[in-house]
Amino acid sequence: MRKILVSACLSGQPVRYNGTAKSVRHPALDRWRAEGRLVFVCPELSAGFSVPRSPAEIAGGCSGEAVLDGAACIVTDGGEDVTDLFIAGARKALALALDCNCAFAILTDGSPSCGSSYIYDGSFSGRVHPGAGVTTALLRRNGIEVFHHTAIDALQRRLSAA
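The rules behind these values
- Residues numbered from 1 in each chain as written.
- Predicted model: local features only at pLDDT ≥ 70, side-chain atom pairs only at ≥ 80, totals over all residues.
- Heavy atoms only, no water.
- Pairing = 2+ DSSP bridges.
- Helix = DSSP H or I, 4+ residues; strand = E, 2+ residues; numbered from the N terminus.
- Right-handed = clockwise from strand over helix to strand, strands pointing away.
- Buried < 20%, exposed > 50% of the residue type's maximum accessible area, 1.4 Å probe, protein only.
- Contact = heavy atoms within 4.5 Å.
- Polar contact = N/O pair within 3.5 Å; in protein donor to acceptor, adjacent residues only side chain to side chain.
- Salt bridge = Lys/Arg side-chain N within 4 Å of Asp/Glu carboxyl O.

Q: Account for the pairing of strand β2 (residues 38-41), naming residues and giving values.
A: Where strand β1 (residues 3-7) lies against β2, four bridges are found, and the strand directions are parallel. By the bridge assignment, Leu5 is partnered in β2 with Val39. Regarding the hand of the β-α-β motif, the stretch spanning β1, helix α1 (residues 27-34) and β2 is right-handed.

Q: Give a description of the environment of Phe124 that names residues and reports values.
A: One can find Phe124 in the loop between β6 (118-120) and β7 (128-130). By relative accessible area, Phe124 is classed as partly exposed at 31%. Spatially, the C-alpha atoms of Phe124 and Asp77 are 6.7 Å apart, while their sequence positions differ by 47 residues. For Phe124, the residues in contact, after removing those within four places along its chain, are Pro55, Ala56, Glu57, Val75, Thr76 and Asp77.

Q: Lay out unusual backbone geometry in plain terms, naming residues and giving numbers.
A: Leave glycine aside and you will find that most residues have negative phi; peptide bonds, for their part, are mostly trans. The linkage connecting Val51 with the following residue, Pro52, adopts the cis geometry, with an omega of -5 degrees. Positionally, Pro52 belongs in the loop between α2 (43-46) and β3 (56-58). Phi is positive for Asn101, close to 65 degrees, though the residue is something other than glycine. On the secondary structure map, Asn101 appears in the loop between α4 (83-99) and β5 (102-107).

Q: Account for the side chain of Ser7, naming residues and giving values.
A: Mapping Ser7 onto the fold places it in strand β1. Residue classification places Ser7 among the buried residues on the basis of a relative accessible area of 2%. Within the structure, Ser7 has its side chain in polar contact with the backbone nitrogen of Thr108 (distance 3.1 Å). The residues touching Ser7, leaving out its near neighbours within four places in the chain, are Phe40, Val41, Ile106, Leu107, Thr108 and Cys114.

Q: Could you give me a rundown of the pattern of salt bridges, with the residues and numbers involved?
A: Counted under the stated rule, the structure contains six salt bridges. The salt bridge partner of Asp30 is Arg25, with a shortest N-O separation of 3.4 Å. Between Glu35 and Arg37 there is a salt bridge; the shortest N-O distance is 3.8 Å.

Next comes the structure, spelled out in structure tokens:
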């Protein structure tokens with residue numbers, strides 16, 4: 001059975017940068033959890049970040065693909081370059097997904113790690129733009145389909161079509 005990698009914060013774990021969760025309730029998640037199909041991960045905690053931690057954004061309006069290609073960096077609101085830690089977390093998330101036979105992922109949109117349809121633009125002003133975080137970009141490069149946390153119905157349709 002193909003499993004689904006899920007952002008830990010979506011399950012109620014308070015692992016986000018500000019020490020909160022971003023809990024999502026959906027009947028499909030409940031069913032997949034009961035079937036043992038969900039694998040939870042927080043790439044940032046896997047990389048060694050603490051909770052809470054400084055907010056971070058991909059600089060210059062770039063995306064996770066550019067970070068993986070070495071053309072962009074991720075910085076905190078205090079200017080610290082945390083690119084290497086984000087890449088390490090993405091690699092650990094990918095390794096977990098591959099080890100657990102995950103073909104799909106449900107990740108938290110907006111995050112510099114997990115965003116899949118939008119991320120913040122690097123100005124720390126609350127502005128977003130279309131793009132993917134580092135973990136999403138790495139998972140996609142390795143054939144794992146990533147859905148944002150409001151697209152669980154789309155994943156459900158994708159699974160029933162397979």
